[in-house]
Amino acid sequence: MQDVLTAIRLGRTVAECGQELFANAERHLHALEELQLRYEQYPAALARTTEVAGRCTFSLDELRYEYPEELAPAGVTVGEYLRRLTWEGAARRYPDRVPEKVRAQVEYELGLIEELRYEAYFLTVWDLVRFARSQQILCQGRGSAANSAVCYCLGVTAVDPARADVLFERFISKERNEPPDIDIDFEHERREEVLQYVYEKHGRERAAMTGVTIRYRSRSASREIGKALGLPQERIDALAKTFTDHHRNPETKWLECARDGGLDLTDRTTQQFILLANTMAGFPRHLSQHVGGMVMSRGPLCEMVPIENAAMPGRTVIEWNKDDLDVLGLLKVDCLALGMLTAIRKCFGLIKNAGGPALSLATVPAEDPAAYEMACNADTMGVFQIESRAQMSMLPRLQPRTFYDLVIEVAIVRPGPIQGNMVHPYLRRRAGEEPVEYPNDDIKAVLDKTLGVPIFQEQAMKLAVVAAGFTNGEADQLRRAMAAWRRTGAIAKFHDKLVDGMRARGLSEEFAQRVYQQICGFGEYGFPESHAASFALLVYVSLWLKRHHPAAFCAALINSQPMGFYAPAQLIRDAREHGVAVRPIDVNQSDWDLTLEPVQGDVTAETAGHAVRLGLRLLQGLPEAAARRIVAAREAGPFRSTADLARRARLGQPIVMLLARADALASLAGDRRTALWNALAERRNAGQTLFAGLEESESREPPALPLSPFEEVLADYRTAGFSLRAHPISFLRSELDRRRCLSSEQLGKLGEQQNNTLVRTAGLVLLRQRPSTAKGITFVTLEDETGVINLVLHAGVWQRYREVARAARAWLVDGRLEAHGKVVHVVAARLVDLTADLRNISAKSRDFQ
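Residues numbered from 1 in each chain as written. Predicted model: local features only at pLDDT ≥ 70, side-chain atom pairs only at ≥ 80, totals over all residues. Heavy atoms only, no water.

Trainee: Any chance you could break down the side chain of threonine 778 for me, citing the residues and the numbers?
Mentor: For threonine 778, the position within the fold is in strand 12 (residues 778-784). Judged by its relative accessible area of 0%, threonine 778 falls in the buried class. One polar contact links threonine 778 to arginine 770, side chain to side chain, over a distance of 2.9 Å. (Helix = DSSP H or I, 4+ residues; strand = E, 2+ residues; numbered from the N terminus. Buried < 20%, exposed > 50% of the residue type's maximum accessible area, 1.4 Å probe, protein only. Polar contact = N/O pair within 3.5 Å; in protein donor to acceptor, adjacent residues only side chain to side chain.)

Right, dumping it as structure tokens:
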């Protein structure tokens, strides 16, 4: 392994490393007894070495971290300034009168913050939010900080403590004596502005990003070990593509993947490869930047931790893994990037520019029945957090009609509630199919909002307090054990205390064991209510925008890519199904981003008087700089010909050819082949500059017949990944009908009448998803000309049709139709590759495996 790591570091094969490799395996720590035998002729040297080592008594406890305090005005302490800002914010949040519950909570929190000396930390977070809003950057605090009334008054979070049961001890507690951890989401395209503000304010010597250790996964380990062992590159590529990093049995995984990658299992190099790759999986590869953790200090950070310049200009990184910073008690603010905030801000801008109202997160109309109706029908493609297959399956069953229903929806489709067997009991009780019972009033007070089923982490902590006698600090230790249970089994030490405590309070053994199992479920990742509430606000806002401004919502989502669960092709299709007119890319009409254009004639409520004009950003391979030149040149007037476009926008022949292939020159040349002919003419005329300033006549005679409709659609997919003309599967429909394949529309109608019947269907593969809690099941979404088809592939079927399942772009599927209300899916039993029938169409799926 050391030889292989040396080869990887040097970028060579092991055979080429020569004397760079260690001569033996002796470079490791040896026992003192072994050293005494080895250096028995030099006892004084060994004694002196031991003495020096004994004097090296440095401890991390000797370091003292101090938080920057320059945020308070001169003559005012940080505590006084925090109190002033908090009560000023409280007056703005509650203009009539601060509720007594909130006033008491704020006083309690401020006292604890001052006792633990965290005032400067809260001021720093307030300053970041203040700066972002001064620059019109959408932001929102979430996570455990949403349990803080002070954070709400400072404007950091949007969770009103007057309407929620906050649990401040989840955020800060004396027993834990650890720094708080506040997460703030910023627009993902503008977060760098906030980070650079931090560096400018505190200086790069006093501010840095936290580090994170990147480890080898199966695919990266196989690639680098394959190179080190001298395997051919094409063999390495084939091998790496066989891994998904979700195999349960490591030995079986490596053997199967090596065989599928074309390696001879009897060959010595193959056996070395399997052994080394299996060993390296999980091994640290390199130090990277954390996604957003920022640390600031009063003095130079390098006096406490090692720092380095990041690869990205203008950034400094601490050379420690983020989890190790707690050893020093370094206070960290997570400045995270959230794509939906970008999309919402852009959507607000599009609506305003189109003559609509000026909206903000706070002014979007609340509790809109039409928006909730859309959620109940699982019409949520593009909506934050509730657009996945699992969420769409849950929505018709949960039927969210209020904001708190959305909070529950966000939290319930998580590994914790699923593994803790909380989902079905909650749904049955919500539907009135099961009675809601509580052992006593204290437990009812904790679980009443969720019908007696613990769905949030805070509820599990409160249950431990009221049902088993835990202190608040012990409950927080339980929360930490929940997070660590999957890895270390730390939660097991609380079993006796939980069960015995509940028994001592007169609760039954069955109830005690059930609560314990539910708490164990949270170890598989459950949401705190505060986190779910913060996310639910963005869920509602995005849901409302989709319902009332679908054109702007679609354009904003695509303008904010990459983000979300679906590709632009699916978002465009969904918008058209909601009555939005979508216009093609054209050099005389399109900007870089998607824009809104007025719709002439009759206007439906859904389109709100505007169509979406697709932007140049959707063309694969088109540089943004070239697109910007096209838009800038067009300000002087529309382009009159391909030659005029090339000259005024300073476009090279390859870019003109790309635009022609994408049919973006339709306003200049008519059809795609004529545009290509004219683009080729530009190449023939290259270098003839005598008449460069004159308008050139272009041949309108195409060199051959126009493309067929099927060829036009294939060309659209090659250049943009979608087509407004038709769906590729529609050209196979007559053959699919002959083979008795049902369309998505037919499956939906059949599901209303029959269930558990054998069916055959076909479509393009949109996405593959294999959640960690799905026990090897893969969820796949296909698309045909009538809609989407949801598939369920059990592990055995995936393995049997591995090559088709993993790589084919279009499938024919035999399986069993299952319908649960409006939720219809097919449990696949057989897969057939249809890619060749579609001439190897360029349709990439989004895979979450």
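Next comes the rest of the description.
Trainee: Please provide a residue-by-residue account of the sheet that holds strand 1 (residues 139-142), values included.
Mentor: Here seven strands make up an open sheet; going across it, the order is 1-2-7-4-3-6-5 and the pairing mixed. Edge positions in the open sheet fall to strand 1 and strand 5 (307-309), since each of these has one partner strand only. Mean inter-strand twist for the sheet, computed between neighbouring axes without regard to direction, equals 40°. Pairing of strand 1 with strand 2 (residues 181-187), which is carried by four bridges, proceeds in the antiparallel orientation. Across the sheet, glycine 141 pairs through a bridge with isoleucine 184, a residue of strand 2. (Pairing = 2+ DSSP bridges. Axes fitted to C-alpha atoms, helices over the stretch in contact; angles between N-to-C directions.)

Trainee: Kindly report on the packing of aromatic side chains, identifying the contributing residues and their values.
Mentor: Tallied over the full model, the rule gives ten aromatic pairs. On the basis of an interplanar angle of 40° and a centroid distance of 5.6 Å, the ring pair of tyrosine 372 and tyrosine 540 is categorised as tilted. With tyrosine 372 in helix 14 (residues 369-376) and tyrosine 540 in helix 24 (residues 529-548), the pair connects residues that are 168 residues apart, well separated along the chain. The residues tyrosine 372 and tyrosine 540 share a single accessibility class, namely buried. Measuring from ring centre to ring centre gives 6.1 Å for phenylalanine 470 and phenylalanine 494, while their planes differ by 35°; the resulting arrangement is tilted. Highlighted residues: phenylalanine 470 in the loop between helix 20 (457-468) and helix 21 (472-488) and phenylalanine 494 in the loop between helix 21 and helix 22 (495-504), separated in sequence by 24 residues. (Phe/Tyr/Trp six-rings, centres within 6.5 Å; stacked < 30°, edge-to-face > 60°.)

Trainee: Tell me about helix 13 (residues 339-353), residues and numbers included.
Mentor: Taking 1.5 Å as the rise per residue, helix 13 with 15 residues should run 21 Å; its terminal C-alpha atoms sit 21 Å apart, in good agreement. Extensive coverage of helix 13 is indicated by the burial of eleven of its 15 residues. Among all positions of helix 13, only Gly339, Met340, Leu341, Thr342, Ala343, Ile344, Lys346, Cys347, Phe348, Leu350 and Ile351 are buried. (Expected span 1.5 Å × (residues − 1).)

Trainee: For the pairing of strand 15 (residues 823-833), give the residues involved together with the corresponding values.
Mentor: Where burial is concerned, most of strand 15 is hidden: eight out of the eleven residues are buried. One ladder, built from two bridges, connects strand 13 (residues 787-793) with strand 15; its direction is parallel. Residue pairing for strand 15: valine 792 is matched across the bridge by valine 827. Here strand 14 (residues 810-820) runs beside strand 15; their pairing, made up of ten bridges, is antiparallel. Bridge pairing links histidine 820 to valine 823 in strand 15. Hairpin connection from strand 14 to strand 15: two residues lie between these consecutive antiparallel strands, with glycine 821 at a positive phi of about 65°.

Trainee: How would you sum up the confidence of the model for the protein chain? Please name residues and give values.
Mentor: Residues with a pLDDT of 70 or more make up 89% of the protein chain, whose mean pLDDT is 84. The lowest-confidence element of the protein chain is strand 16 (residues 846-848), averaging 61 in pLDDT; the highest-confidence one is helix 25 (residues 550-559), averaging 95. Within the model, the stretch residues 602-607 combines pLDDT values under 50 with eight contacts to residues more than four positions away or in other chains. Scored below 50 in pLDDT, residues 686-697 makes nine contacts in the model with residues more than four places away or belonging to other chains. (pLDDT = per-residue confidence, 0-100. Contact = heavy atoms within 4.5 Å.)

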